[in-house]
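# Overview (structure and organization)
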Amino acid sequence: MVEIADHPPARPAAVTSLWGELFRKEDWWAIWIGLGLVAVAVSLFASGGSLKWIAVAPQKWSHAADVALQLRQHAPQYAALFVLWAASFGIGAATLGIKLSRYLPAFLVLYIGTGAIYFLGLWDQSAHYNLEPPLVALGLGLLLSNTVGVPRWLDPALRVEFYIKTGIVLLGAGLPLTLIAWAGPVAIVQAAIVSLTTFGVIYVSAVRLGLDRRLAATLGTGGAVCGVSGAIAVGGAVGAKKEHVSIAISLVVVWAVVMIFVLPLAARSLGLSTGVAGAWIGTSEFADAAGIAAAQTYGGYAGNVPGISGGADAAVTAFTLMKVIGRDMWIGVWAFVLSLIATTRWENTGVQGRTGVGEIWRRFPKFVLGFLLASAVIAVLSRGYSYAEYKKDVIPGLVAPLQALRTWAFTFAFLSIGLTTRLREFVAVGARPFYAFTIGVVVNVAVGFVLSTRVFGEFWNRLGQ
Amino acid sequence: MNSCTDCRHFAQAPADVEAAFPGLWSLSSAYASVRADDGICTVHDRYVAASSVCAQYADAGRASTCTRQS
């Protein structure tokens, strides 16, 4: 771990400005890349073309010879797709301060690894051996990073959040705006119940165990709102000790990775439909990338595992509505309220916070805007089509290629999670923070299950049909 | 009163923040909007908002005159 405390800042502080923010935050770059691809796809579709040539994806295969044939036949497309992703993410990464000369070679390795995992998921025996791409990517990455280790030169390309946010913006293009408007309020209500309950349980448990209130709040938002992002947002807003933020991050990451494997298995053993399972994962996973890995895994069971009803996309759709609309969007409000309480009610730390309502916008996860805009663009374009025309023309010519690109972006993220989760680098968390957070995890999973299967079960079932 | 943004004890560059918090980049990012411009105060050893203020402020362009607190 780098001990910055013993050195002056190596880089000058970034200048805060509205225009600067548009290019120095990866949320905005996810919007530029995601909406840029949507804009190109719409332009091509409107002129009678399609993005599908470059949005190449592996097809079902039985023997290794099939894979070789696919690669030979589509080699120019895979090469062009690499150039498209490398240019898009490379420009974004370079603007964020990551050297392009270090990013591109690392991204080439990530692209090849992702392609191999994508192909493996399309093997006609993959369901039989539980080789779901998210779990394979994560498992392989975890194995490598925690045994032989990952060479440092690969690090510049392992940008989990950059890829997952871009994928979520692209996901918006496949979700009708009417569906978001219909299911969004239910997701907000369910997520609010779970978030408030989980935060309360973690916070009260932590304080009762004698932990610092700022640590309690950081742990609480990490478990209740949006995982590591929630922990760093509130940790900064309340002025938590540096070691306390590290503790919260370690606990969230470990539990989130455990839940990627546990939640789909539990939902599968209970025979939950894809919509209900997605909603449960959305309320009970801690981070977007981890939750999408779990939800996409569960979606893969539809049609392959007896007793799992609902469409394959319903799990990711329900998850995204619950997590992004129901939980992520509100992190600014949590940060504002808790910083206000910290400033006025908690003990003085020697650093005085100066909070204001502007905090809500400053910490708003901007990529959500891209997700909603992508949905709106497709909604406007689709207005002139009947349902039959939409299924026959718009889906294969416009929506499906964007979905293929989304799958690539998500798989970049899944592999990156495994490769960046290096357990030996985590700080020791101590027993009391572990107990407080774990009590919250148990309550979160239980309350999320009851709400997803009993209280709103019928609603999430219908969404999956 | 000057805020942490211009203080020489304030480390807010995303690479520094990610180096200081192992695991941060696994499921989040120091380049994310939710982080705003928060950074690490090396005097108080706290993670604080850039708009915060304290008595130990030292302009980034000048030599430090304050002592580090435990």
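Please read these numbers as outputs of a predicted model, since none were measured by experiment.

A few words now on the pattern of salt bridges. All names here are of chain A. In the structure shown here, the tally under the stated rule is 17 salt bridges over all chains. Note that D27 is salt-bridged to K165, the shortest N-O span being 2.7 Å. Taken together, the residues span a long stretch of sequence, with D27 in helix α2 (residues 26–46) and K165 in helix α7 (residues 160–172) at a distance of 138 residues. Accessibility assignment for this pair places D27 and K165 in one class, buried.

In terms of nonpolar packing, the biggest core is built from 171 residues, with W85(A), F107(A), L402(A) and W460(A) touching the most fellow members. Looking at this core, the element that brings in the most residues is helix α17 (residues 387–420) of chain A, giving 16 residues. Residue contacts for L402(A): discarding those within four places in its chain leaves L37(A), V38(A), A41(A), L51(A), L170(A) and A173(A). Of all hydrophobic cores here, the second largest spans ten residues; its members include V351(A), C4(B), C7(B) and F10(B).

Residues and elements named next belong to chain A. Inspection of the entire model under this criterion finds 38 aromatic pairs over all chains. A centroid spacing of 5.0 Å and a plane angle of 65 degrees characterise the contact between W280 and F449, whose relative ring orientation is edge-to-face. Of this pair, W280 sits in helix α11 (residues 274–284) while F449 sits in helix α18 (residues 431–455), and the two are 169 residues apart along the sequence. Take W280: its relative accessible area is 4%, and that puts it in the buried class. R268 extends its terminal NZ or CZ atom over the ring of Y301, reaching a point 4.7 Å from the ring centre. Its end group placed over the ring of W361, K366 keeps NZ or CZ at 4.8 Å from the ring centre.

Our focus in this paragraph is the side chain of S26(B). Structurally, the position occupied by S26(B) is in helix α2 (residues 24–27). Beyond its immediate chain neighbours, meaning those up to four positions away, S26(B) contacts V160(A), V253(A), I417(A), T420(A) and T421(A).

The subject of this paragraph is the interface of chain B and chain A. On the side of chain A, 64 residues touch chain B, which itself brings 43 residues to the contact. Taking both partners together, chain B and chain A bury about 4700 Å²; carbon and sulfur atoms supply 58% of that area. By the criterion of area lost to chain A, the three top residues of chain B are W25(B), L27(B) and Y31(B), representing 19% of everything that side buries. Counting every contact that joins chain B to chain A gives three salt bridges. Across the pair D37(B) and R24(A) runs a salt bridge whose closest N-O atoms are separated by 3.0 Å. Counting the contacts that link chain B with chain A gives 17 residue pairs in polar contact (both at pLDDT 80 or more).

It is worth spelling out the confidence of the model for chain B at this point. Interpretation of the predicted coordinates at a detailed level should be avoided for regions scoring low in pLDDT. Residues and elements named next belong to chain B. For chain B, per-residue confidence averages 87 on the pLDDT scale, and 87% of positions sit at 70 or higher. Contacts for the low-pLDDT stretch residues 62–70, under 50 throughout, to residues beyond four places or in other chains number 17 contacts. The complex prediction reports pTM at 0.93, with the ipTM value standing at 0.90.

About the criteria used
Residues numbered from 1 in each chain as written. Chains lettered and ligands numbered in written order. Predicted model: local features only at pLDDT ≥ 70, side-chain atom pairs only at ≥ 80, totals over all residues. Heavy atoms only, no water. Salt bridge = Lys/Arg side-chain N within 4 Å of Asp/Glu carboxyl O. Helix = DSSP H or I, 4+ residues; strand = E, 2+ residues; numbered from the N terminus. Buried < 20%, exposed > 50% of the residue type's maximum accessible area, 1.4 Å probe, protein only. Core = buried A, V, L, I, M, F, W, Y, C linked by side-chain atoms within 4.5 Å. Contact = heavy atoms within 4.5 Å. Phe/Tyr/Trp six-rings, centres within 6.5 Å; stacked < 30°, edge-to-face > 60°. Lys NZ or Arg CZ within 6 Å of the ring centre and 35° of its normal. Buried area = accessible area lost by both parts, 1.4 Å probe. Polar contact = N/O pair within 3.5 Å; in protein donor to acceptor, adjacent residues only side chain to side chain. pLDDT = per-residue confidence, 0-100.

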